[in-house]
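# Notes for the structure review
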Amino acid sequence: MPSLTFLGAARTVTGSKYLLEVDGQRLLFDCGLFQGLKDLRLRNWSPLPVPPETIDAVVLTHAHIDHTGWLPRLVAQGFKGPIHCTAGTADLCRLVLPDAAHLQEEDAKFANKRGFSKHQPALPLYTEQDAAEALTRLRPSPFKTSVSVTKGIDVEFINAGHLLGSSYVLVTRHDGSGARILFGGDLGRYSRPILPDPSPGVEADVLLVESTYGDRAHPGEDDGATLARIITETVARRGKVIVPAFAIGRVEELLYWLFRLEDEGRLPKLPIYVDSPMAVKGLGYYAAHHGELDPEIAAVRRKLPRFTSIDSARDSKALVETDAPAVIIASSGMATGGRVVHHLFAGLPDPRNTVLFVGFQAAGTRGRQLIEGAKHVKMFGQYVPVHARIEKIDGMSSHADALEIIRWLRTFPRAPKTTYLVHGELVAQDALKARIAKELGWNVEIPTHGQKVDLPL
Ligand SMILES: [Zn+2]
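Let me sum up the structure you'll find in this document.

### Considering the coordination of the zinc ion
Protein coordination at the zinc ion: the donors are His 62 (NE2), His 64 (ND1), His 162 (NE2) and Asp 186 (OD), at 2.1 to 2.3 Å from the metal. The coordination sphere of the zinc ion comprises four donor atoms, whose angles at the metal cover 91 to 169°; the geometry is irregular. All donor residues of the zinc ion come from one chain, and their arrangement in sequence is H-x1-H-x97-H-x23-D. Taken together, the residues His 62 in the loop between β4 (57–59) and α2 (65–68) and His 162 in the loop between β8 (153–159) and β9 (167–173) connect sequence positions 100 residues apart. In this structure, His 62 and His 162 share a single accessibility class: buried.

So, in structure tokens, the structure goes:
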């Protein structure tokens, strides 16, 4: 009987990895990094329950690091097969994997300098060389095209509207049963700029669906009013708006709104800085794949974009030191690393400034501490007082809320035999499970980390 093992994103939102074993073959769906709480991050150092060289192929739903950031480690540990994904995902992986490797190497160097690692010398989880090797395995395919990944198993990528290149992966078994499994990846949102709506569901026997916002409804569309208010109030205080943003994804939508509000005269003309060379490259990939984006964006793209790209670390440092009103977009999105940490270190003690979060903040991250009202946060070994205003806009999230998840599930031609909730914290999952049972009457399971289930196929 085919089996599925949940090797990540089980009762948590990071580390997505699902091992499908069928007819003597092994396929790994997503290969994400664990982030956030220390107990989770330590899992990045644990070996997989099966030797990496016995995995025949990897299939990726999208390029976010919590779905791809363990690939270099997998390759370094002996995985020899191809990595299937869409063309957009392959492009974005070329940005995020070398960057992730660089951060791992920097962390190890820093630990050695300070001597706080238990291991002497501290080693990186993987190196830039490992990331480069992983990139050579990428095998991009178009959406809506059947791709044979191992004997008797085809996959097809279906646009999920969550990030450039993001997909659900439909797995079809050609053994006469025609059994189908749909790996939901992360689910995008309806009626948003930049990305298309999630594609409708398809017939499937087993479904994995994310549940990040399974207990919440995003606030209704406010036509940019909250963003306009936050920026206008900050400018009135002569402060800066610092936006921690994932380098790929949210930056496009944020810029779209900034330009639109400015164009409509609802915002003063302000300097806008994108302090992330990776984000600027990401914008280029969005432009290159514009055929996959929301048709509405084509009209706006003619006027895009007015912002200043900060390339060098020196210019970034100079920007940290200025205190003129501006919008500064820098990664990482949960304020766990990257250039935004320097902006926060300098900007948090100043009550004129605002820190604006536009994405999900996982437990254990600095971003989560700040939105939960921390009075101090630790950075570079010091406690930094928080006097800046902390704001968040959930409506700009790239993840479907509970209503949108249910809306998407209603597009399925029939109920899957089993639906597994993944990629969510347990509180959100319990709420979503109850809601799906009540509104759709489906059979829903919440797997635990490492759990192996036999699939009814
Ligand atoms: Zn994602």
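Read on for the rest.
### A closer look at the packing of helix α7 (residues 250–263) against helix α8 (residues 277–288)
Where α7 meets α8, the closest approach of the two axes is 9 Å, and the angle between their N-to-C directions is 80°. Taken together, α7 and α8 sit at an angle that is classed as roughly perpendicular. Here α7 contributes Val 251, Glu 252 and Leu 255 to the contact with α8, which in turn contributes Ala 279, Gly 282, Leu 283 and Tyr 286. A breakdown of the residues in the contact of α7 with α8 according to their chemical character gives five nonpolar, one polar and one charged.

### A closer look at unusual backbone geometry
With an omega of 15°, the peptide bond between Ser 331 and Ser 332 qualifies as cis. Structurally, Ser 332 is set in the loop between β15 (327–330) and α11 (340–347). Located in the positive-phi region is Ile 194, a residue other than glycine, with phi close to 75°. Note that Ile 194 resides in the loop between β10 (180–183) and β11 (206–210). You will see that Ala 335, though not glycine, has its phi angle at about 60°, which is positive.

### Examining the sheet that holds strand β3 (residues 25–29)
The strand order across the open sheet built from seven strands is β6-β5-β4-β3-β2-β1-β22, with neighbouring strands paired in mixed fashion. The open sheet has two edge strands, β6 (138–141) and β22 (452–454), and neither has a second partner. For this sheet, the mean angle separating the axes of adjacent strands, direction not counted, is 25°. Two elements, β4 and strand β5 (residues 83–86), share two bridges in a ladder whose sense is parallel.

### Topic: the layout of surface pockets
Roughly 320 Å³ of internal volume is contained in the second largest pocket. In terms of lining residues, the second largest pocket is bounded by 20 residues, among which Arg 192, Pro 219, Gly 220, Glu 221 and Gly 395 are the most central. Considering only residue class, the lining of the second largest pocket consists of six nonpolar, six polar and eight charged.

Cut-offs and rules
- Residues numbered from 1 in each chain as written.
- Predicted model: local features only at pLDDT ≥ 70, side-chain atom pairs only at ≥ 80, totals over all residues.
- Heavy atoms only, no water.
- Donors = N, O, S within 2.8 Å, 3.2 Å for Na, K, Ca; no water.
- Tetrahedral: all angles 85-135°; square planar, octahedral: opposite > 155°, others 65-115°.
- Helix = DSSP H or I, 4+ residues; strand = E, 2+ residues; numbered from the N terminus.
- Buried < 20%, exposed > 50% of the residue type's maximum accessible area, 1.4 Å probe, protein only.
- Axes fitted to C-alpha atoms, helices over the stretch in contact; angles between N-to-C directions.
- Parallel < 35°, antiparallel > 145°, perpendicular 65-115°, else oblique.
- Contact = heavy atoms within 4.5 Å.
- Nonpolar A, V, L, I, M, F, W, Y, C, P; charged D, E, K, R; others polar.
- Pairing = 2+ DSSP bridges.
- 1 Å grid on protein atoms, 1.4 Å probe; cavity = no way out; pocket = protein on both sides within 12 Å on 5 of 7 lines; lining within 4 Å.
- Points joined across faces, edges and corners; volume = space filled by probe spheres on them.

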